[in-house]
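Residue-level structural notes
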Amino acid sequence: MVLFGDYHTHTKFSHGKGTVEENARTAREMGLKQIAITDHGLGHIAFGLRKCKLPHLAREIKEASEKYGIKIYKGVEANIIGLDGQIDIPLDYMDSFDIILCGFHKFVWPNTVNDFFNFFLPNFFLDLFNIQSSSKRVELNTAAIINNIKRFPVDVLTHINYGLKVDCRRVAKACAEHGTFIEINGKRTSYTDAEMMDMLDTGVKFIINSDAHSPSRVGDVRICLELIKRVNIPRERIVNLEGEPQWRSRRERKKRW
Ligand SMILES: [Zn+2]
Ligand SMILES: [Zn+2]
């Protein structure tokens, strides 16, 4: 199986260790044709991408792309910041990115006080003490993610279930309906094989990414490939093996905000 592109990598623009150029260099060495730089969304407390840095990011991407002859997408890994699915990218910045990934992360500014007490805090402690989420909690989380996918042009849902227990089947069904790819993350697997089979049943498409926070990990999708083999995921269900993913057009994206 040949990885065409790695569409989830971080740099010093958030809390990655390397530069755009270093990520691009590894991608080139690994034989990838494309890469995306997807630093953390603007609402991440310590490591979020800063608005004022966006022109620098664009310049570094252009230079690295010319130097290494690979396509580099300017992406972002946005944060979900509320129970209503709110995202931490203001609408007038949505068009600054070629692709939008979205995931749940701790230590982001909640959308409202209610979201702090009823979304972030309970999930934080459940995860910290490894306590099983109640069915009511799973229901709230699932609704939040589905709202997020319905309301915003999210191209990729990153590390589903990580720090936020959801009903994977229902989220995958919503992703299939709204053209969002579910990520098989190269850093961690946060769902069971049974949950993966439930997601497969919905017809959703998957994307495999490294989630590299250092240049040496760009293109490292070994655990994704093991999972694909173990659960027997058909190759045609993975959008970035052998060829380029079919991203939704800009026109299609604009209809969503
Ligand atoms: Zn993430
Ligand atoms: Zn990430």
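Bear in mind the structure is a predicted one, so any value in this text is a computation, not a measurement.

Right, let's talk about the sheet that holds strand β3 (residues 71–79) for a bit. The sheet built from 7 strands is open, its strands ordered β1-β2-β3-β4-β5-β6-β7 with parallel pairing. Edge positions in the sheet fall to β1 (5–9) and β7 (206–209), since each has one partner strand and no second. Examined bridge by bridge, β1 and strand β2 (residues 34–40) share 3 bridges and lie parallel to one another. When the sheet's bridge partners are listed, T9 is paired in β2 with I37.

It is worth spelling out the environment of R169 at this point. One can find R169 in helix α5 (residues 168–178). If we skip the residues at most four places from it in the chain, R169 touches D198, M199 and T202.

Moving on, we get to unusual backbone geometry. Located in the positive-phi region is N232, a residue other than glycine, with phi close to 60°. Inspection of the secondary structure puts N232 in the loop between α7 (222–231) and α8 (250–254). Overall, the presence of 9 C-beta atoms within 10 Å leaves N232 in the exposed class. Phi is positive for E242, close to 75°, though the residue is something other than glycine. Within the fold, E242 resides in the loop between α7 and α8.

Turning next to the nonpolar core. I100, C102, L157, V171, C175, I182 and F206 are the most contacted members of the largest nonpolar core, which totals 64 residues. Ranked by the residues each element gives to this core, the list is headed by α5, at 5 residues. Residue contacts for I182: discarding those within four places in its chain leaves L157, I160, A172, C175, M199, V204 and F206.

Turning our eyes to something else, we now look at the packing of α5 against helix α6 (residues 193–201). Put simply, α5 and α6 touch, their axes get as near as 8 Å, and they point 30° apart. The angle between α5 and α6 falls in the class roughly parallel. The element α5 and its partner α6 pack so that their crossing is right-handed. Contacts between α5 and α6 involve C168, R169 and A172 from the first element and E195, D198 and M199 from the second. Split into classes, the residues belonging to the contact of α5 with α6 amount to 3 nonpolar, no polar and 3 charged.

Here the focus is the packing of helix α1 (residues 20–29) against helix α2 (residues 54–68). Two elements in contact, α1 and α2, have axes whose closest approach is 9 Å; the angle formed by their N-to-C orientations is 30°. Judged by the angle between their axes, α1 and α2 are roughly parallel. Crossing of α1 over α2 shows right-handed handedness. Where α1 approaches α2, its residues V20, E21, A24, R25 and R28 are matched on the opposing element by E60, I61, A64 and Y68. In terms of residue class, the contact of α1 with α2 is made up of 5 nonpolar, no polar and 4 charged.

Reading the values: the criteria
Residues numbered from 1 in each chain as written. Chains lettered and ligands numbered in written order. Predicted model: local features only at pLDDT ≥ 70, side-chain atom pairs only at ≥ 80, totals over all residues. Pairing = 2+ DSSP bridges. Helix = DSSP H or I, 4+ residues; strand = E, 2+ residues; numbered from the N terminus. Contact = placed C-beta atoms within 7 Å. Buried ≥ 20, exposed ≤ 12 C-beta atoms within 10 Å, placed from the backbone. Core = buried A, V, L, I, M, F, W, Y, C linked by C-beta atoms within 7 Å. Axes fitted to C-alpha atoms, helices over the stretch in contact; angles between N-to-C directions. Parallel < 35°, antiparallel > 145°, perpendicular 65-115°, else oblique. Left-handed = near helix turned anticlockwise from the far one by under 90°. Nonpolar A, V, L, I, M, F, W, Y, C, P; charged D, E, K, R; others polar.

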